Amino acid sequence: MYNTMRITGLASGIDTEEMINSLMKAERVKVDRVEQDRQVIIWRQEMYNDLNKDFANFILNTRKMFGLTSVSYTGELRPNSYKNLNWVKKATSSNENIATVSTTAKAMDGNYKVHVANLAEGASLASEVDIRRTENDKVGIVNEKGQIVGGDGNIIKDINFTISDGKNEFEIKVSKEEAITMDDIVKEINSAKKVVNDKEVSLGIKASYDANIGRFFLQTMDTGANAKIEISNMDEDAENFISGLNLNWNNDKEGNIVYSKSGQDALIHFNDAKNIKSSTNRITINGITMDLTGTGDFTVNVSTDVDGIYEKVEEFVEEYNKLVEKTNQLLGEKQYRDYRPLTSEQKKAMEKEDIELWEEKAKSGLLRSDDLISNTMLNIRRSIYEKSAGIEGSYQLITEIGISTEKYARGTAGGKLVIDEQKLKDAIAKDPEGVMELLFKESNPDVKDTIDGKEVTQTGGIVTRTYENLMASMEDIIKKSGTGDSADLYRDVKPNILLEFVSEYSSISLLDKDVLQYSRRIDDLNEMLFRKENHYYAKFAAMEKAISRMNSQSMWMMQQFTS
């Protein structure tokens, strides 16, 4: 720690502190310049990171808007093929009391007659009578304390049986020294688990007991004919207990003492296709999904949702144009070279509003004509108008569906897309699958073809190409400016987007290195300033010492003359 406590000017009467401060201000200019240069790099880094977040949010938001990603129950983003999008076709049910319907791009336009013979059901059991034992009725198996009792009224302390849900068998063992209650049985069934093929699975049956009415319930979690409730391998107490539950079994007790009840499959006729079975009440046929809620007849009408598709494309174009507008602003922003970052001393002498206005000018134009951003937007514009191998629909170019670039106007950087509404709607109505393929087909660089005498690769649809160009640029920006606080956001866009940055760059960007070099240089300069300041103080201290000695000699001589 430096000791800066000094008392100066005692002998000379000179304000040494002020003189040294004035000298050091001139020396401090070197440090201020380096600090200003470092601040400019930090601002550029922040601006790169802000733009990268805009790229990421554009991709994530438009993907979500299109339905190209879905969110799992754990919050994980999952890709979804454009062929499975449910907004391309519009499906309606003539009777939503029987079924609600939805559809994907796979479905053919038309009317479909459906008859629902029966719904899918799980296996369910319930005590048909009150199973509580009363003073007048000694038949029940549950006493007034909720304990399980045998036919003689004695409490049961051990129950052991096997229960199956149609997929796996689970052994239910309950043993207590005092007595077993219905809550013990319910808890054991609901928490039953086992390891199957190195994976833990739970029993697909849930149990409950309502003590207010004395009824026990069992219900499979799955539906369909394969959903079962099967109880076997019972000891005598378990056999008496299961029998005493008075459950509504639909199978007779078999030779090895097995109680069983199964669910049922849904059964429908779809046009001329008869007896289609499903284990659930959600059935998908040729891209039409039907959620069954009742039995009877209804009709499904499927048609292309021209307006719905147009609105999605229009929203994408609007968001893309906002991105173009921002990049054009950054690339063409005026640079004010006279406005350098303020030093700490300058900020102390200014009002907050004046500081903000000054820094706004100082930040302006820091990414003017930036090669990285320019190349990104140039690559996107070029790819939008290129043909791609593997596009087999009616449309090969974006202009064929009514989308083009805005006409040049003085004072604008250009690049925005414009839509010919009627032409786009006509293209959708004529060949919706072709429009979707042109926009969303997945890329496959391994597929090559010859188009107009030129070999091209399958770069995917126009939207796909835009995303991939942006993601490539995002990786370059990350290498240059780092991730800031947005690493998770970038991983949502592309899970391995930081792989090269971490493995080859050790998570240190090029601008991070520049900032580090400037920081080291500032430390060196500050150390030099400290030494220089001490040098000045040493010189003035020597002067003070000499003056003090001279004063002492003068006083001695005066004393000699006056004595």
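Every chain begins its residue count from 1, and numbering advances along the sequence as written. Restriction of local features to residues with pLDDT of at least 70 applies here, the model being predicted, together with a cutoff of 80 or more for giving and counting side-chain atom pairs; totals for whole chains, interfaces and linings are based on all residues. Excluded from the side-chain calculation are hydrogens and water; included are all heavy atoms of the structure.

A. Region of the structure containing the packing of helix H9 (residues 432–440) against helix H10 (residues 462–481). Relative orientation of the contacting elements H9 and H10 amounts to 10°, with a least axis distance of 3 Å. When the interaxial angle is binned, H9 and H10 end up roughly parallel. Residues Leu438, Leu439 and Phe440 of H9 pack against Ile462, Val463 and Thr464 of H10. Three residue categories are used. Nonpolar comprises Ala, Val, Leu, Ile, Met, Phe, Trp, Tyr, Cys and Pro, charged comprises Asp, Glu, Lys and Arg, and polar comprises the others, including Gly. Partitioned by chemical class, the residues of the contact of H9 with H10 number five nonpolar, one polar and no charged. Throughout, an axis means a line fitted to C-alpha atoms (over the contacting stretch in the case of helices), and angles, computed between N-to-C directions, take values from 0 to 180 degrees. Runs of H or I in DSSP of at least four residues are treated as helices and runs of E of at least two as strands, each being numbered from the N terminus. For this classification, under 35 degrees means roughly parallel, over 145 means roughly antiparallel, 65 to 115 means roughly perpendicular, and everything else is oblique. Only heavy atoms enter the contact rule, under which two residues are in contact if any of them lie within 4.5 Å.

B. Fine view of the packing of aromatic side chains. Only the six-membered ring of Trp is used, alongside the rings of Phe and Tyr, when aromatic pairs are assigned; centres must lie within 6.5 Å, and planes under 30 degrees apart are stacked while those over 60 apart are edge-to-face, with the rest tilted. Using the criterion set out here, one finds twelve aromatic pairs in the structure. Consider the rings of tyrosine 112 and phenylalanine 270, whose centres lie 5.4 Å apart with planes at 20°: the pair is stacked. Placement of the pair is tyrosine 112 in strand E5 (residues 110–118) and phenylalanine 270 in strand E15 (residues 266–270), with a sequence separation of 158 residues. The interplanar angle of 55° and the centroid separation of 4.6 Å between the aromatic rings of tyrosine 339 and tryptophan 358 together place this pair among those described as tilted. A residue pair is termed long-range when its members are at least 10 positions apart, and tyrosine 339 in the loop between helix H4 (306–332) and helix H5 (344–348) and tryptophan 358 in helix H6 (residues 352–363) qualify at 19 residues. Burial here depends on accessible area, computed with a 1.4 Å probe over protein chains only, as a share of the maximum for the residue type. Under 20% is buried, over 50% is exposed, and the range in between is partly exposed. With relative accessibility at 30%, the residue tyrosine 339 sits in the partly exposed group. Under the relative-accessibility criterion, tryptophan 358 is labelled partly exposed at 28%. Feature note: the residues Phe58, Phe66, Trp87, Phe316, Phe440 and Tyr467 constitute an aromatic cluster, connected by ring pairs. Just above the ring of tyrosine 467 sits the side chain of arginine 63; from NZ or CZ to the centre is 5.6 Å. Sitting over the ring of tyrosine 310, lysine 425 keeps its end group 5.0 Å from the ring centre. Note on geometry: a ring has a charge over it if NZ (lysine) or CZ (arginine) is within 6 Å of the ring centre and within 35 degrees of the ring normal.

C. Structural context of unusual backbone geometry. Of note in the backbone geometry, asparagine 233 takes a positive phi value of approximately 50° without being a glycine. Of note, asparagine 233 is situated in the loop between strand E13 (228–232) and helix H3 (236–244). Positive phi, close to 55°, is recorded for asparagine 275, a residue that is not glycine. Structurally, the position occupied by asparagine 275 is in strand E16 (residues 273–278).

D. Expanded view of the sheet that holds strand E6 (residues 124–126). Following DSSP output, two strands are said to pair if at least two bridges run between them. Spatially, the three strands line up as an open sheet ordered E6-E12-E11, and their pairing is antiparallel. Each edge of the open sheet is held by one strand with a lone partner, namely E6 and strand E11 (205–210). Across the sheet, the axes of successive neighbouring strands diverge by a mean angle of 10°, strand direction being ignored. As judged from the three bridges shared by E6 and strand E12 (residues 215–220), these two strands associate in the antiparallel manner. Paired with alanine 126 across the strands is phenylalanine 217, a residue of E12.

E. Region of the structure containing helix H2 (residues 182–190). Buried residues of H2: Met182, Ile185, Val186 and Ile189, and no others. Buried residues of H2, seen end-on, are gathered within an arc of 95° and therefore sit on one face of the element. For H2, exposure combined with an orientation more than 90 degrees from the buried face picks out Asp183 and Lys187. For H2, the secondary structure elements touched by its buried residues are strand E7 (158–164), strand E8 (169–175), E11, E12 and H3. Think of the arc as the fan of directions from the helix axis to the C-beta atoms.

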